[in-house]
Amino acid sequence: MQRTAVAGKREKGDTHITLSTRCGANEIVITSPVLDLFGPQIRTAVEQTLQQLQISGVLILVEDNQALDCVTQARLRCAVQRLQRGVEA
Amino acid sequence: MRSWLYTPANTPNRMIQAGMYGSDGIIFDLEDAVALSEKDEARLLLEGLLPLIRASLERTHPAVKIAVRINGLDTPYWQDDLKAVVGSGGAIIRVPKVESAAEVEEIAHALSLLEAELHIPDGSVHLQVLLETPRGVEEAFRIGAASPRVIAFSFGAEDYCSALGIHRNGPRVALDYPRARIASAASACGIEAYDAAYGFLDNADALVLECAHAKALGFHGKSAIHPKQVAAINGEFSFSAQEVREAKAILASLEKNQDGVSSLEGRMIDKPVIAWAHRVLAAAEGNR
């Protein structure tokens, strides 16, 4: 059964993360008003955090609104913890 | 420290900007400003942002201090809050609704364990204690003397008024007793006292009057809940040019009369007067 957790906000300077379990490799989908400039950097921040937390088999929707990398990473950590605790969206 | 500006700890942009409004200190709030469903989110955000904000302020506003208000000891959150704050380099913790010396001892012990775990010198994390209930006010001196970690009291007027069933914006005299008791206990403990935040944002005149009143009772500063309150608070809790001139004149008169007894314009200059003059000049030079 697919499970989903969310964290963060869509306000400026923040990121809203939706994390869902899935079969197979991780998939990262990013939306951002600064996607052209910072898309690769956001993706790297997400990938690094997933690697640190040893997370696989998830779909991550990153709705960035010009957040700093550490904010994106904090929101992702929270979504992961909520998914693991079973706090559903 | 004249002014402490509260900022919710789950709002990245506001946290990043908090140090730019001229307050002497900022307080990232994990308690009342954060909904129960967001406690975990705020704590993780604070862990991620605090090192960055500290480093940034050290470059741009090095005098600005950072404190974090944790959740109360009667909640399941305070120990995780402590770990997050100390683990990310926070050195001042504001503890809400303290009512006894035993509570200070409990949190001081938890901090000692954390400091040992993180290889931080024992006692390096300090506490600002919020006195917000009649019981806390009555216990003020014992609370302040319970640990050398306690560096300040802060008055919490909303909860105090609620406990007594009085209106926060009622006659000012209603809060004279807790204010005087807190300021006196702080002085007895050798620590600072900060007055309660004023929640009526559109009443700037009343804020100024409340600052002046608290200063007259012995408070060093006041909490703010909006950046627009900071300038008024700083202004009221700064020593006036007249006070600075008077302090300089007092110390100058001592240099002329070094036999231990002095007077200035008919006023006897003794030890407490000299101590006041030193305090005024230290504050004027920014050594708050």
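Residues numbered from 1 in each chain as written. Chains lettered and ligands numbered in written order. Predicted model: local features only at pLDDT ≥ 70, side-chain atom pairs only at ≥ 80, totals over all residues. Heavy atoms only, no water.

*Asks:* Can you tell me about unusual backbone geometry, naming the residues and giving the values?
*Replies:* All names here are of chain B. Although it is not a glycine, Lys97 adopts a positive phi angle of roughly 50°. Among the secondary structure elements, Lys97 is positioned in the loop between strand S4 (92-95) and helix H4 (101-117). A positive phi angle, close to 60°, is found at His119, a residue other than glycine. The residue His119 is located in the loop between H4 and strand S5 (126-131) in this model. Residue classification places His119 among the exposed residues on the basis of a relative accessible area of 74%. (Helix = DSSP H or I, 4+ residues; strand = E, 2+ residues; numbered from the N terminus. Buried < 20%, exposed > 50% of the residue type's maximum accessible area, 1.4 Å probe, protein only.)

*Asks:* Could you give an account of the side chain of Gln128 of chain B, naming the residues involved and the relevant values?
*Replies:* All names here are of chain B. By secondary structure assignment, the location of Gln128 is in strand S5. Gln128 gets classed as buried once you look at its relative accessible area, which sits at 0%. Polar contacts involving the side chain of Gln128 include one to the side chain of Arg94, which spans 2.8 Å. (Polar contact = N/O pair within 3.5 Å; in protein donor to acceptor, adjacent residues only side chain to side chain.)

*Asks:* I'd like a description of the confidence of the model for chain B, backed by residues and values.
*Replies:* Per-residue confidence for chain B averages 94 on the pLDDT scale, and 98% of its residues sit at or above 70. The complex model carries a pTM of 0.91, and its ipTM stands at 0.94. (pLDDT = per-residue confidence, 0-100.)

*Asks:* Go over the packing of aromatic side chains with me, naming the residues and quoting the values.
*Replies:* Residues and elements named next belong to chain B. One pass over the structure, following the stated rule, counts three aromatic pairs over all chains. Measuring from ring centre to ring centre gives 5.9 Å for Trp4 and Tyr194, while their planes differ by 55°; the resulting arrangement is tilted. On the criterion of sequence distance, the pair formed by Trp4 in strand S1 (residues 3-8) and Tyr194 in strand S7 (residues 192-195) is long-range, its members being 190 residues apart. In this structure, Trp4 and Tyr194 share a single accessibility class: buried. (Phe/Tyr/Trp six-rings, centres within 6.5 Å; stacked < 30°, edge-to-face > 60°.)

*Asks:* Describe in detail the environment of Pro8 of chain B, supporting the description with residues and values.
*Replies:* Residues and elements named next belong to chain B. With respect to the secondary-structure elements, Pro8 resides in strand S1. For Pro8, a relative accessible area of 15% translates into the label buried. Taking the C-alpha atoms as reference, Pro8 lies 29 Å from Arg181; in sequence the two are 173 residues apart. Among all residues touching Pro8, those that are not within four sequence positions of it are Arg14, Met15, Asp29 and Ala33. (Contact = heavy atoms within 4.5 Å.)

*Asks:* An account of the interface of chain B and chain A is requested, with residue identities and associated values reported.
*Replies:* Interface size is commonly expressed as the accessible surface area that is lost when the partners come together. Facing 13 residues of chain B, the contacting portion of chain A comprises 16 residues. The largest share of the area that chain B buries against chain A comes from Asp40, Glu41 and Leu44 of chain B, three residues that together contribute 44% of it. There are six salt bridges connecting chain B and chain A. Between Arg82 of chain A and Asp40 of chain B there is a salt bridge, with the nearest N and O atoms lying 2.7 Å from each other. Between chain B and chain A we count eight residue pairs in polar contact (both at pLDDT 80 or more) in total. Here the residues of the side of chain B that touches chain A sort into six nonpolar, four polar and three charged. (Buried area = accessible area lost by both parts, 1.4 Å probe. Salt bridge = Lys/Arg side-chain N within 4 Å of Asp/Glu carboxyl O. Nonpolar A, V, L, I, M, F, W, Y, C, P; charged D, E, K, R; others polar.)

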